[in-house]
Amino acid sequence: VLTFNLIIKALCKMGLVDRAIEMFRDMPYKNCTPDVYTYSTLMDGLCKEDRIDEAISLLDEMQIEGCFPNPVTFNGLINGLCRRGDMARASKLVDNMFLKGCIPNEVTYNTLIHGLCLKGNLEKALRLLDRMVSNKCVPNHVTYGIIVNGLVRQGRVADAALVLESMEERGRHPNEYIYSSLVNGLFKEGNSKDAMRLWQEMIEKRFKPNTVIYTALIDGLCRVGKPDEAKKLMIEMTTKGCIPN
RNA sequence: AUCGUACCAAAAGU
């Protein structure tokens, strides 16, 4: 089973979901019974191809075969629906998940919060974050990254900065994703001072800068009419092992 | 016996 699961996962990653399904259908003839990993991997692969209805029918099929879905099984499906923007069906699936005795975990919440952010519904996303906490789920750096980025994309950079502060108050350290999102947001709003200040802060905290953040800085400096500073950064980045693309 | 497989977030360009 383990071997099959690994192959099925690899095929799904390469976008060869149909080949993965063939493998899966072949398993019973090779004396292997698909387990919850097999189904979850396959369903996630289908969802990534936006073939959600096929994934849902696998959810029924697995239960008929006596295999019980776990939270990860549901998370994949919920993610598929969220990316499609179908939050109504996504939350129905959460209800379904409870009925099957599965408790939403932090990934479930992150997925739903991300879905709401994609729709630009930050108010609902923030409310869900509260509910997450009251349900004893601890927001992680991914959660904060989603929220910060969601706020930045709505142009609510100041609010995003507040989230960063509150996260530090809770003793959680932002990662480079969160910094680059915020630096980019500050530049987009024309606030190059704070953007550069945040960048300095990042360096002081010994974060390893990457190509993405350098690109954001260079783009930002050019936008505010400082091409020579941008040029300096472009030289600096290669000395730090970041390759311009 | 131990170990081993699954789900979520960032820039620009086109």
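Residues numbered from 1 in each chain as written. Chains lettered and ligands numbered in written order. Predicted model: local features only at pLDDT ≥ 70, side-chain atom pairs only at ≥ 80, totals over all residues. Heavy atoms only, no water.

## Let's talk about the overall build of chain A
Going by this rule: Where helices and strands are cited, they refer to DSSP runs of H or I of at least four residues and of E of at least two residues respectively, numbered from the N terminus. Burial classes follow relative accessibility: with a 1.4 Å probe on protein chains only, a residue under 20% of its type's maximum area counts as buried, one over 50% as exposed, and anything between as partly exposed.
A count of helices and strands for chain A gives 14 helices and zero strands. Beginning at the N terminus, the succession of helices and strands in chain A can be written as α-α-α-α-α-α-α-α-α-α-α-α-α-α. Projected onto the principal axes, the alpha-carbon positions of chain A cover approximately 65 × 40 × 30 Å. Counting over 245 residues, chain A shows a buried share of 43%.

## Notes on the protein's contact with RNA strand B
Counted only if it meets this: One heavy atom within 4 Å of a molecule or strand makes the whole residue count as near it. Polar contact is the term for a pair of N or O atoms within 3.5 Å; when the atoms are in protein, one must be able to donate a hydrogen and the other to accept it, and sequence-neighboring residues count only if both atoms are side-chain atoms. Following the grouping adopted for this structure description, the nonpolar residues are Ala, Val, Leu, Ile, Met, Phe, Trp, Tyr, Cys and Pro, the charged ones are Asp, Glu, Lys and Arg, and the polar ones are all others, Gly among them.
Of all residues adjacent to RNA strand B, which total 34 residues, the nearest are Leu2, Lys9, Val72, Asn75 and Lys188. Within the side chain of Asn175, a nitrogen or oxygen atom sits 3.1 Å from a base nitrogen of RNA strand B. In this structure, Lys188 approaches RNA strand B through a side-chain N or O atom, which is 2.4 Å from a phosphate oxygen. Looking at the surface near RNA strand B, the element that brings in the most residues is helix 9 (residues 141-153), giving six residues. For the surface near RNA strand B, a count of residues per class yields 10 nonpolar, 19 polar and five charged.

## Description of helix 1 (residues 2-13)
Rule in force here: Given the number of residues in a helix, its expected span is that number minus one, multiplied by 1.5 Å. As used here, the arc belongs to the directions running from the helix axis to the C-beta atoms. Contacts: residue pairs with any heavy atoms within 4.5 Å of one another.
Look at helix 1: 17 Å from first C-alpha to last across 12 residues, which is about the 16 Å you get at 1.5 Å a residue. Of all the positions in helix 1, only Phe4, Asn5, Ile8, Leu11 and Cys12 are classed as buried. The arc enclosing the buried residues of helix 1, seen along the axis, measures out at 130°, which places them on a common side. Structural note: helix 1 exposes Leu2, Thr3, Leu6 and Lys13 on the side pointing more than 90 degrees away from its buried face. Where the residues of helix 1 are buried, they touch helix 2 (17-26) and helix 3 (36-48). The first or second residue beyond helix 1 is Gly15, which carries a positive phi of 80°.

## Examining the nonpolar core
For soluble globular proteins, the rule of thumb is that nonpolar side chains tend to be buried together. Spelled out, the test is: As used in this record, nonpolar core signifies buried Ala, Val, Leu, Ile, Met, Phe, Trp, Tyr and Cys residues forming a set joined through side-chain atoms within 4.5 Å.
Counting 75 residues, the largest nonpolar core has Leu42, Met43, Ile78, Leu112, Ile113, Leu182 and Leu217 as its most contacted members. In this view, Leu217 contacts Val183, Phe187, Met196, Trp199 and Leu233; residues no more than four positions away in its chain are not counted.

## Focus: the pattern of salt bridges
Put simply, the rule is: Salt bridges are counted wherever a side-chain nitrogen of Lys or Arg sits within 4 Å of a carboxyl oxygen of Asp or Glu.
Throughout the structure, instances matching the rule amount to 16 salt bridges. For Arg197, the salt bridge goes to Asp194, with nearest N and O atoms at 3.0 Å. Note that Arg197 and Asp194 are positioned in helix 12 (residues 192-204) at a spacing of three residues, about one turn of the helix. One salt bridge connects Lys240 with Glu236, and the closest N-O pair in it is separated by 3.7 Å. Taking the relative accessible area as the measure of exposure, Glu236 reaches 28% and is therefore partly exposed.

## A word on the packing of aromatic side chains
For the record, the criterion: We call Phe, Tyr and Trp rings a pair once their centres come within 6.5 Å, taking the six-membered ring for Trp, and we label the pair stacked below 30 degrees between planes, edge-to-face above 60, and tilted otherwise.
For the structure on display, the rule yields three aromatic pairs. With 5.4 Å between their ring centres and 75° between their planes, Phe24 and Tyr39 make a pair best called edge-to-face. With Phe24 in helix 2 and Tyr39 in helix 3, the pair connects residues that are 15 residues apart, well separated along the chain. Each of the two residues, Phe24 as well as Tyr39, counts as buried. Look at Tyr179 and Phe207: their rings are 5.3 Å apart centre to centre, the planes differ by 65°, and that puts the pair in the edge-to-face class. Linking Tyr179 in helix 11 (residues 176-188) with Phe207 in the loop between helix 12 and helix 13 (211-223), this pair joins segments that are 28 residues apart in sequence. The residues Tyr179 and Phe207 share a single accessibility class, namely buried.

## Some details on the confidence of the model for chain A
Cut-off, in case you're wondering: Each residue carries a pLDDT score, the predictor's own confidence in it, on a scale running from 0 to 100.
Averaged over all residues, the pLDDT of chain A equals 91, while 100% of them reach at least 70. Scoring the predicted complex yields pTM 0.91 and, for the interface, ipTM 0.64.

## Quick notes on the packing of helix 6 (residues 87-99) against helix 7 (residues 106-118)
What counts is decided by this rule: Fitted lines through C-alpha atoms serve as axes, helices being fitted only where they are in contact, and the angles separating the N-to-C directions of these axes extend from 0 to 180 degrees. For classification purposes, angles smaller than 35 degrees are called roughly parallel, those larger than 145 roughly antiparallel, those between 65 and 115 roughly perpendicular, and all remaining angles oblique. Crossing handedness follows the turn of the near helix against the far one: under a right angle anticlockwise gives a left-handed crossing, and clockwise gives a right-handed one.
Orientation of helix 6 relative to helix 7, taken along the N-to-C sense of each, is 165°, at an axis distance of 11 Å. Here helix 6 is positioned roughly antiparallel relative to helix 7, judged by the angle of their axes. Here the hand of the crossing between helix 6 and helix 7 comes out left-handed. Together, Met87, Ala90, Val94 and Met97 of helix 6 and Thr108, Leu112, Gly115 and Leu116 of helix 7 make up the contact between the two elements.

## Some remarks on helix 11
Think of an α-helix as turning once every 3.6 residues; residues three or four places apart then point the same way. Relative to the 18 Å expected for 13 residues at 1.5 Å per residue, helix 11 spans 18 Å between its end C-alpha atoms, a close match to the ideal helical length. By the criterion of burial, helix 11 is predominantly enclosed, with 10 of the 13 residues buried. Check the buried side of helix 11 and you find it contacts helix 9, helix 10 (157-169), helix 12 and helix 13. Here helix 11 starts with a cap whose side-chain oxygen sits 3.2 Å from the backbone nitrogen of Tyr177, and that cap is Asn175. Just downstream of helix 11, Gly190 is the residue with a positive phi angle, here 85°.

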